[in-house]
Amino acid sequence: QVQLVESGGGLVQPGGSLRLSCAASGITLDYYQIGWFRQAPGKEREGVSCFNSNDGTTYYLDSVKGRFTATRDNAKNTVYLQLNSLKPEDTAVYYCAIPSEVATTGWDTCGGFRYDTWGQGTQVTVSS
């Protein structure tokens, strides 16, 4: 059974950094796309970073461009999201996920795919 487990969240001051990890099991990560989403209190879940099927590059939400970086280590079956220069508005539960179908619009989409296999999430709180 596929499992995704996020870790690395916590409380951080504005301007600080965190590195989130997503450890995968039940799959060989090299063969799967992994995207990052977040859900802030009272808001819809939004794609933060994912593979962009339109151009084959890594997509980043406009509000995090230049601050967040997604990487992967296939040998460890783990993907990462480096969060730098954190702002209070980055406060959210962060999820990693695997897509299941092509979809350009609608819920839980990012980079031309709909994501439907999720980790449990890890809380990131940015506050002074």
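Up top you'll find the structure we're talking about.
Residues numbered from 1 in each chain as written. Predicted model: local features only at pLDDT ≥ 70, side-chain atom pairs only at ≥ 80, totals over all residues. Heavy atoms only, no water.

So, the sheet that holds strand β3 (residues 18-25)
Step number 1: Spatially, four strands are ordered β1-β3-β8-β7 in an open sheet, and the strand pairing comes out antiparallel. The open sheet has two edge strands with one neighbour each: β1 (3-7) and β7 (68-73). Across the sheet, the mean angle from the axis of one strand to that of its neighbour is 15 degrees, orientation sign disregarded.
Step number 2: Bridging between β7 and strand β8 (residues 78-83) involves six bridges; their strand directions are antiparallel. (Pairing = 2+ DSSP bridges. Helix = DSSP H or I, 4+ residues; strand = E, 2+ residues; numbered from the N terminus. Axes fitted to C-alpha atoms, helices over the stretch in contact; angles between N-to-C directions.)

A look at the environment of Thr-58
Step number 1: Mapped onto the elements of the fold, Thr-58 is located in strand β6 (residues 57-60).
Step number 2: Thr-58 sits 11 residues away from Thr-69 along the chain, and the two C-alpha atoms are 9.2 Å apart.

Overview of unusual backbone geometry
Step number 1: At Ser-85, a position not held by glycine, the phi torsion is positive, near 50 degrees.
Step number 2: Judged by its relative accessible area of 41%, Ser-85 falls in the partly exposed class.
Step number 3: Positive phi values are uncommon outside glycine, yet Asp-108 reaches one of about 55 degrees.
Step number 4: If you trace the backbone, Asp-108 turns up in the loop between β9 (92-102) and β10 (109-110). (Buried < 20%, exposed > 50% of the residue type's maximum accessible area, 1.4 Å probe, protein only.)

Re the nonpolar core
Step number 1: Judged by nonpolar contacts, the single largest core of 26 residues is most densely connected at Ile-34, Trp-36, Phe-68, Leu-81, Leu-83 and Tyr-94.
Step number 2: For this core, the secondary structure elements donating two or more residues are β3, β8, β9 and β12 (122-126).
Step number 3: Apart from residues no more than four positions distant in its own chain, Leu-83 is found in contact with Gly-16, Ser-17, Leu-18, Leu-20, Arg-67, Phe-68 and Val-124. (Core = buried A, V, L, I, M, F, W, Y, C linked by side-chain atoms within 4.5 Å. Contact = heavy atoms within 4.5 Å.)

Considering the pattern of salt bridges
A side chain with one charge may pair with a side chain of the opposite charge, provided their charged atoms come close.
Step number 1: Taken as a whole and assessed by the stated rule, the structure comprises six salt bridges.
Step number 2: For the salt bridge of Glu-46 with Arg-38, the shortest nitrogen-to-oxygen distance reads 3.0 Å.
Step number 3: The class of Glu-46 is partly exposed, set by a relative accessible area of 31%.
Step number 4: In this structure, the salt-bridge partner of Asp-108 is Arg-45, at a minimum N-O distance of 3.0 Å. Of this pair, Asp-108 sits in the loop between β9 and β10 while Arg-45 sits in the loop between β4 (35-39) and β5 (46-52); the two residues are 63 residues apart in sequence, bridging distant segments of the chain.
Step number 5: Exposure remark for Arg-45: the relative accessible area of 23% places this residue in the partly exposed category. (Salt bridge = Lys/Arg side-chain N within 4 Å of Asp/Glu carboxyl O.)

A closer look at the side chain of Thr-109
Step number 1: The topology assignment puts Thr-109 in strand β10.
Step number 2: Thr-109 gets classed as buried once you look at its relative accessible area, which sits at 19%.
Step number 3: Polar side-chain contacts of Thr-109 include one of 2.9 Å to the backbone oxygen of Gly-106. (Polar contact = N/O pair within 3.5 Å; in protein donor to acceptor, adjacent residues only side chain to side chain.)

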